[in-house]
Amino acid sequence: MQTCSACQDVAWAPDGFYCAFVFEDRVRTLLHAFKYKDQGHLAKMLGGLCWERLGPDLQQETLDVVIPMPLHWRRLWWRRYNQSALLARVLSHHLGKPMDTGGLIRRRNTIPQANLDAGGRRENVRGAFLADARRVQGRQVLLVDDVTTTGATLTAAAFALKHAGARRVVVVVLARALPTHGVVSSMG
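Scope of this entry: the structure provided in the associated data block.

What counts, and at which threshold
- Residues numbered from 1 in each chain as written.
- Predicted model: local features only at pLDDT ≥ 70, side-chain atom pairs only at ≥ 80, totals over all residues.
- Heavy atoms only, no water.
- Patch = residues over 30% accessible without salt bridge, like charges linked within 9 Å, V, L, I, M, F, W, Y side chains within 5 Å.
- Areas by Shrake-Rupley, 256 points an atom, 1.4 Å probe, with all protein chains shown as cover.
- Salt bridge = Lys/Arg side-chain N within 4 Å of Asp/Glu carboxyl O.
- Helix = DSSP H or I, 4+ residues; strand = E, 2+ residues; numbered from the N terminus.
- Buried < 20%, exposed > 50% of the residue type's maximum accessible area, 1.4 Å probe, protein only.
- Pairing = 2+ DSSP bridges.
- Axes fitted to C-alpha atoms, helices over the stretch in contact; angles between N-to-C directions.
- Contact = heavy atoms within 4.5 Å.
- Polar contact = N/O pair within 3.5 Å; in protein donor to acceptor, adjacent residues only side chain to side chain.
- Parallel < 35°, antiparallel > 145°, perpendicular 65-115°, else oblique.
- Left-handed = near helix turned anticlockwise from the far one by under 90°.

1. So, a nonpolar patch on the surface
The grouping of Trp73, Trp77 and Trp78 at the surface amounts to a nonpolar patch, some 520 Å² of accessible area in total. With respect to the helices and strands, the residue tryptophan 77 is situated in helix 3 (residues 73–79). For tryptophan 77, a relative accessible area of 70% gives the class exposed.

Printed below as a string of structure tokens:
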């Protein structure tokens, strides 16, 4: 796997990473509707597409629990649903593993990552997550998010889970936004 030059020095906490799509064209349009235009009903379709692409690989993983990327309560109130939790519910069902929406919380209301550079994104989410050791200690976690760009949010969340004693953290994202610089890895 090749890594873009901007990402080479970034600490990476997850033990595994799976991505179903590149964040462009139709996928971008669907994810924006799902996330920002009150189209939560798209979760079943998007989660199903994610499962079609990644299910065989995910079934090979030893996992105990599925945890969605949490939203801060203010953003959850404003958006009315957590898009990552809706995706996680679909994957949890297919895997036959429990979903835990309380194992990881976003304790700080961070600003949206979209307008920040890689360093700004890492700083923005530093210390933003708290994992409940009683719920994650010794467990192998599947952390689910909708989209990633630099991996800063995923890394901060994975660090919190591991700090609380999670044995392993495997990440699934529906889409990966490709950086506009350097060489990127192929995400299948």
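Next comes the rest of the write-up.
2. A word on the pattern of salt bridges
Under the definition given, this model contains seven salt bridges. Ionic pairing is found between lysine 162 and aspartate 15, a salt bridge with its closest N-O pair at 3.0 Å. Of this pair, lysine 162 sits in helix 7 (residues 152–163) while aspartate 15 sits in the segment before strand 1 (16–22), placing them 147 residues apart in sequence. Assessed through its relative accessible area of 27%, lysine 162 is described here as partly exposed. Exposure remark for aspartate 15: the relative accessible area of 38% places this residue in the partly exposed category. Across the pair arginine 168 and glutamate 61 runs a salt bridge, and its minimum N-O distance is 2.8 Å.

3. Here we look at the sheet that holds strand 6 (residues 168–176)
Sheet architecture is open: four strands sit in the order 1-6-5-2, paired in parallel fashion. The open sheet terminates on both sides in strands that have one partner only, identified here as strand 1 and strand 2 (65–68). Recorded for the sheet is a direction-independent mean angle of 20° between the axes of neighbouring strands. Helix 7 rests against strand 1, strand 2, strand 5 (140–148) and strand 6 of the sheet, and its axis sits at about 165° to strand 5.

4. Examining the side chain of glutamate 61
Tracing the sequence through the fold places glutamate 61 in the loop between helix 2 (42–60) and strand 2. Classification of glutamate 61 by relative accessible area gives buried; the value is 16%. Within the local environment of glutamate 61, its side chain forms a polar contact with the side chain of tyrosine 18, the two groups lying 2.5 Å apart.

5. A few points about the packing of helix 5 (residues 118–125) against helix 7
Direction vectors running N to C along helix 5 and helix 7 enclose 30°, while the axes themselves pass 8 Å from each other. Here helix 5 lies roughly parallel to helix 7, going by the angle between them. In terms of crossing hand, the pair formed by helix 5 and helix 7 is right-handed. Of the residues in helix 7, those in contact with Arg121, Arg122 and Val125 of helix 5 are Ala152, Thr153 and Ala156.

Don't take any of this as a statement about function, it's just geometry.
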